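Observations on the three-dimensional arrangement
Residues per chain, in single letters:
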Amino acid sequence: MRQFCRDRGRVCLAAVRRWPVWELPRWLVVFLSAVVAAYVVALGTALPAVPPTLHVGLLLGVLALCLTATVELTRREGDSAGLSVNVFGVWLLPIALLLPPFYVMAVLIFHYTLLQLRVRQFVLYRRAYNAAVMGLSYAGASLTFHAVTGTGFSSAGSLVAHPVRWLIAVALAALTQWAVNTALVGVALAGSQPGVRFHEAVFTKESARTDATELCVAVLVTLSIGVAPLSIVFAFPFVTLLQRSVRHEQLVSASRLDSKTGLLNAGTWEREAAVEVARAIRTRTPLAVAIIDLDRFKNVNDTYGHLAGDKTLQAIARVLQECVREYDLVGRFGGEEFALVLPQAGPVSAYSIAERIRDYIADLPIDVSPCQTTEPVHVTVSIGVASLGSAWDTRAGGQLTDLMAAADMALYQAKRNGRDQVCVITENRTFGTQTQRAFVPPTA
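The structure contained in this document is the topic of the report that follows. (Residues numbered from 1 in each chain as written. Predicted model: local features only at pLDDT ≥ 70, side-chain atom pairs only at ≥ 80, totals over all residues. Heavy atoms only, no water.)

What follows concerns the overall build of the chain. Scanning the chain from N- to C-terminus turns up 16 helices and six strands. Out of the 444 residues belonging to the chain, those deemed buried represent 44%. Counting only contacts in the chain whose residues sit at least 6 apart along the sequence, the fraction spanning at least 24 positions is 72%. (Helix = DSSP H or I, 4+ residues; strand = E, 2+ residues; numbered from the N terminus. Buried < 20%, exposed > 50% of the residue type's maximum accessible area, 1.4 Å probe, protein only. Contact = heavy atoms within 4.5 Å.)

Bringing the packing of helix α13 (residues 306-323) against helix α14 (residues 347-362) into the picture now. Remark: α13 packs on α14, axes separated minimally by 10 Å, with the N-to-C direction vectors making an angle of 140 degrees. On the basis of the axis angle, α13 is oblique to α14. With respect to the hand of their crossing, α13 and α14 are arranged in right-handed fashion. Residues Ile-316, Val-319, Leu-320, Glu-322 and Cys-323 of α13 form the contact with α14, whose participating residues are Arg-356, Ile-357, Tyr-360 and Ile-361. Class assignment of the residues belonging to the contact of α13 with α14 gives a composition of seven nonpolar, no polar and two charged. (Axes fitted to C-alpha atoms, helices over the stretch in contact; angles between N-to-C directions. Parallel < 35°, antiparallel > 145°, perpendicular 65-115°, else oblique. Left-handed = near helix turned anticlockwise from the far one by under 90°. Nonpolar A, V, L, I, M, F, W, Y, C, P; charged D, E, K, R; others polar.)

Over its 20 residues, helix α2 (residues 26-45) runs 28 Å from end to end, which matches the ideal 28 Å to within 8%, given 1.5 Å per residue. Residues of α2 that are buried make contact with α5 (101-118), α6 (124-149) and α7 (163-192). (Expected span 1.5 Å × (residues − 1).)

What follows deals with the pattern of salt bridges. The final tally for this structure, using the stated rule, is 11 salt bridges. Here Arg-325 and Asp-328 are joined by a salt bridge, their closest N and O atoms 2.8 Å apart. Among the ionic pairs, Asp-420 bridges to Arg-358, the shortest N-O distance being 2.9 Å. Here Asp-420 is found in the loop between α16 (400-416) and β5 (422-426), whereas its partner Arg-358 is found in helix α14, with 62 residues between them in sequence. Relative accessible area serves as the criterion here: at 12%, Arg-358 is assigned to the buried category. The structure contains a network of salt bridges with shared partners spanning Glu-355, Arg-358, Asp-359 and Asp-420. (Salt bridge = Lys/Arg side-chain N within 4 Å of Asp/Glu carboxyl O.)

Moving on, we get to the environment of Leu-167. The residue Leu-167 is located in helix α7 in this model. Under the relative-accessibility criterion, Leu-167 is labelled partly exposed at 42%. In this structure, Leu-167 is in contact with Val-219 and Leu-223, ignoring residues within four places of it in sequence.

Moving on: the nonpolar core. Counting residues in each nonpolar core, the largest one holds 61 residues, and the members touching the most others are Trp-91, Leu-92, Leu-93, Ile-95, Leu-97 and Tyr-138. Elements represented by at least two residues in this core include exactly α2, α3 (54-76), α4 (89-98), α5, α6, α7, α9 (205-227) and α10 (232-256). Among all residues touching Leu-93, those that are not within four sequence positions of it are Tyr-138, Ala-141, Ala-174, Ala-218, Val-219 and Thr-222. (Core = buried A, V, L, I, M, F, W, Y, C linked by side-chain atoms within 4.5 Å.)

All chains considered together, the criterion is met by four aromatic pairs. Here the aromatic rings of Phe-145 and Trp-166 are separated by 5.5 Å at their centres, their planes lie at 85 degrees, and the arrangement is edge-to-face. Taken together, the residues Phe-145 in helix α6 and Trp-166 in helix α7 connect sequence positions 21 residues apart. (Phe/Tyr/Trp six-rings, centres within 6.5 Å; stacked < 30°, edge-to-face > 60°.)

Written out as structure tokens, the structure reads:
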């Protein structure tokens, strides 16, 4: 038995040593450990001195039951596949504000254990950090709420006597929870993904809408429970509907995007590009299409592995998003090929944009090793550009397929000329003729 315990201990220790957390920067490992330690200290400090009353026990039990049911709905609707549908805060905020802060921090241990067992398994340190972040954020919400209402932790304050103050306190508590959670999660994400900025890791339109909706519903549920605890019966179907609507929005968004790079996938890009080309033809405004291909990308996969290749594609996708204008369309067209639609761009401006992208990528060091033990990878791109405004007569009925074919010809010429360059297909100044094509950078 003793030998068995020793063997199991060695196996567990070896598994812990293989955790990816040890490959993160040392300062980030210290930060993650400090957050978990702060949560443990806060949990011990908030331990109530007296046993819970019957009212506290019933309210905690009902809210924990609603939280458990929401987790089960999440599992049944497919969150284990990777889609994040997070409306759990609707039940956690009332626990944090209507009960002493110890209970919400303790419930979070139960909650994340349930997620690990019933929804999706993660390495334990990630679950521990998530639980610590949520526990500290809801403890901060509880402190804010009771500071504004001026009541002790054994009481949630009088909603009837001070309804406006109560509403303001709940709203400020919800904002505090969101701010603390966003800050701690953002630091961890930005630190673990070199090259990703803090606001890129945390703030997206979809996450902002989801967070705002969840906070508003959590405030309303807290208020309704504060007035009449029985109203929780009517809140649960509403939360279920919210969860499904958020999931539907995420499914629609996921169907439009390339899962590896976050850019538009090929089908979505073609549909939206065709609309832009049709608009440019109708309004007789310039437009350009560019095809970008990584030079000798196979060498990256063969030398460093396919995970390194994925990181390279993700780095190129970030460059494209930074270098184009807000209304340009950027998509991954397949493999190591990307495509751009540049509205309101003639040959000169399209060439300038493409050249800026080419130059930026050529100078970009890409870290492909998680432990940063290898030198950064440098890649180059070849870009072919075709311009609707100069190369195609709008009366001739030029379409997206024509522009794509021309841009592909320009890309082929850039490859043949030695790679790491931009080629733009141009024609003579006689509209309607498609002769005397040349592959040269345009001049003003």
